[in-house]
2 protein chains.
Amino acid sequence: MKKAEATRLNILEKAFELIYVKGYQTTSVDDIIATTEVTKGAFYYHFKNKDEMGVAIINELLKPSLTTSFIDPLLNDSDPLDAIYNLIHNLLIDNEFLKVEYGCPASNLTHEMTPWNADFHHALNDLTQQWIKTMAGAIENGKRNGHVRTNVDPLQATMFVMSGYWGIRNFGKLENSKKVYFPFLKELRNYLDSLR
Amino acid sequence: MKKAEATRLNILEKAFELIYVKGYQTTSVDDIIATTEVTKGAFYYHFKNKDEMGVAIINELLKPSLTTSFIDPLLNDSDPLDAIYNLIHNLLIDNEFLKVEYGCPASNLTHEMTPWNADFHHALNDLTQQWIKTMAGAIENGKRNGHVRTNVDPLQATMFVMSGYWGIRNFGKLENSKKVYFPFLKELRNYLDSLR
DNA sequence: GCAAAAACATACCAACTAGTATGTTTTTGA
DNA sequence: TCAAAAACATACTAGTTGGTATGTTTTTGC
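Let us look at the structure shown here.

What counts and what doesn't
- Every chain is numbered on its own, with residues counted from 1 as its sequence reads.
- Labels follow written order: the first chain is A, the first ligand is 1, and so on.
- This being a predicted model, a pLDDT of at least 70 is required before a residue's local features are given, and a value of 80 or more before pairs of side-chain atoms are given or counted; all residues contribute to the totals for chains, interfaces and linings.
- Neither water nor hydrogens contribute to the side-chain values; these are computed over all heavy atoms in the structure.
- Think of each axis as a best-fit line through the C-alpha atoms, taken over the contacting stretch in the case of a helix, with angles from 0 to 180 degrees between the N-to-C directions.
- Numbering goes from the N terminus for both helices and strands, where a helix is a DSSP run of H or I of at least four residues and a strand is a run of E of at least two.
- An angle counts as roughly parallel when it lies under 35 degrees, as roughly antiparallel when it exceeds 145, as roughly perpendicular when it falls between 65 and 115, and as oblique in every other case.
- Crossing chirality is assigned from the near helix's rotation relative to the far helix, an anticlockwise turn below a right angle marking it left-handed and a clockwise turn marking it right-handed.
- Note on definitions: a residue-residue contact is assigned when non-hydrogen atoms from the two residues lie within 4.5 Å.
- When the copies are superposed, the least-squares fit takes in the C-alpha atoms of residues with a pLDDT of at least 70 in both.
- Put simply, a salt bridge is a Lys or Arg side-chain nitrogen that is within 4 Å of an Asp or Glu carboxyl oxygen.

1. So, the packing of helix α6 (residues 105–113) of chain A against helix α6 (residues 105–113) of chain B
Axis separation between α6 of chain A and α6 of chain B bottoms out at 10 Å; the angle between their running directions is 120 degrees. Taken as axis vectors, α6 of chain A and α6 of chain B run oblique relative to one another. Crossing angle aside, the handedness with which α6 of chain A passes α6 of chain B is left-handed. Taking contact as the criterion, the partners of Ser107, Asn108 and His111 of chain A in α6 of chain A are, on α6 of chain B, Ser107, Asn108 and His111 of chain B.

Below you can see the structure in the form of structure tokens.
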């Protein structure tokens with residue numbers, strides 16, 4: 001990787017971690033350049049302004065990680081309901097980057113930025129639509145394979161599961177402990193079994 | 001009501017609306033006093049600082065509205081599953097204060113403030129625990145009345161439903177239309193029926 | 001090897017932030 | 001009625017914000 005590219009990537013990664021913990025609005029450009037140890041000149045050479053950097057985080061960091069962590073696990077599993085449960089379980093319990101007290105980065109940004117920044121809105125919507133499509137597709141396949149009842153509506157079920165995931169992330173922030181995830185996961189299991 | 005009390009309440013209400021739309025951090029004290037048409041002297045006479053006002057909003061505005069809008073509907077209905085469905089439906093579709101593009105005020109504040117402000121954290125946790133207790137109690141009653149299967153775990157089901165509510169509020173922000181609420185509500189109905 | 005462009009550094013600024021110091025006006029209670 | 005306290009008003013400040021103007025250094029391509 002070229003040095004300039006590395007600088008840019010470094011800014012994005014450090015900024016992402018700060019924003020994940022502190023929120024976008026309360027993470028200042030000065031914060032970012034302090035932790036990355038680059039100067040303002042470098043920052044504004046790579047990004048027109050702070051918002052452009054924010055959108056770059058979504059498109060260049062969140063999007064790829066969505067693919068590997070949220071999409072791929074749903075693609076090649078034979079039983080989609082097991083795949084969905086395992087995915088959510090992994091995200092909530094095993095994933096060591098996502099912290100219970102800071103929630104889900106995509107959800108955080110949606111809450112904070114979507115109502116009044118069109119670029120963030122668009123980038124985050126892209127992200128979400130991809131996840132919806134994949135999960136609904138997996139359930140649709142499950143219907144054909146006999147893993148899922150034929151009268152299940154894939155999109156409805158997808159929206160329901162994803163809402164649950166985002167919502168339990170909110171609970172996690174309140175309780176500040178992964179303990180709250182377990183009753184949720186048990187009931188998710190029950191719900192998914194009711195689709196068989 | 002005394003005039004001073006009215007001033008204080010006016011500040012709280014206007015500030016709440018601003019914060020609901022713009023977020024807490026990005027709503028400045030100057031914003032608040034501009035829309036309330038009181039001066040800084042009045043503001044800082046009634047509140048020690050901005051955070052104290054924020055917590056007052058939770059305790060003096062959100063808490064009472066929680067009781068009437070989130071708690072009471074769950075208390076005297078004979079069928080708790082119907083009561084839950086109707087509650088969520090009302091909140092999502094009929095409630096005219098809550099806007100799809102701005103989500104749920106309590107959820108917004110939780111996302112924004114909980115990880116790093118202990119007072120907000122505490123006040124919001126109080127709020128949530130009340131809702132959990134009520135909903136779980138209603139389901140527990142339903143088990144005794146035969147409206148709910150005896151092997152249903154009330155707390156698990158409560159966490160699952162509430163997570164779904166908070167999560168779909170996130171979706172609403174992304175889609176900016178109540179249309180997304182309908183598939184969620186349909187699947188919520190399915191899920192609740194599976195508890196019978 | 002060397003000019004041009006890319007990459008980065010430094011110093012600055014105007015706007016905004018929460019909060020305060022010091023007033024003036026209004027209300028209260030004896 | 002009248003002084004004291006409550007309620008509000010005005011002017012200010014120190015710190016922070018995103019962003020820019022103007023440099024210097026490093027890399028690139030011929």
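2. A few points about the relation of the copies chain A and chain B
It takes a turn of 180 degrees to lay chain A on chain B, together with a shift of 0.0 Å along the axis; the resulting RMSD is 0.1 Å. On this basis, the relationship between the two copies can be described by a two-fold rotation axis. With an isologous cut-off of 70% or more, the 100% of interface residues of chain A that recur at the interface of chain B puts this contact in the isologous class.

3. As for the pattern of salt bridges
One pass over the structure, following the stated rule, counts 18 salt bridges over all chains. We note a salt bridge from Arg189 of chain B to Asp82 of chain B, for which the minimum N-O separation is 3.1 Å. You can see Arg189 of chain B sitting in helix α9 (residues 181–193) and its partner Asp82 of chain B sitting in helix α5 (residues 80–94), a full 107 residues away along the chain. Three or more residues are tied together by salt bridges with common partners; here these are Asp79, Asp82, Arg189, Asp193 and Arg196 of chain A.

Keep in mind that these numbers describe shape and distance, not what the molecule does.
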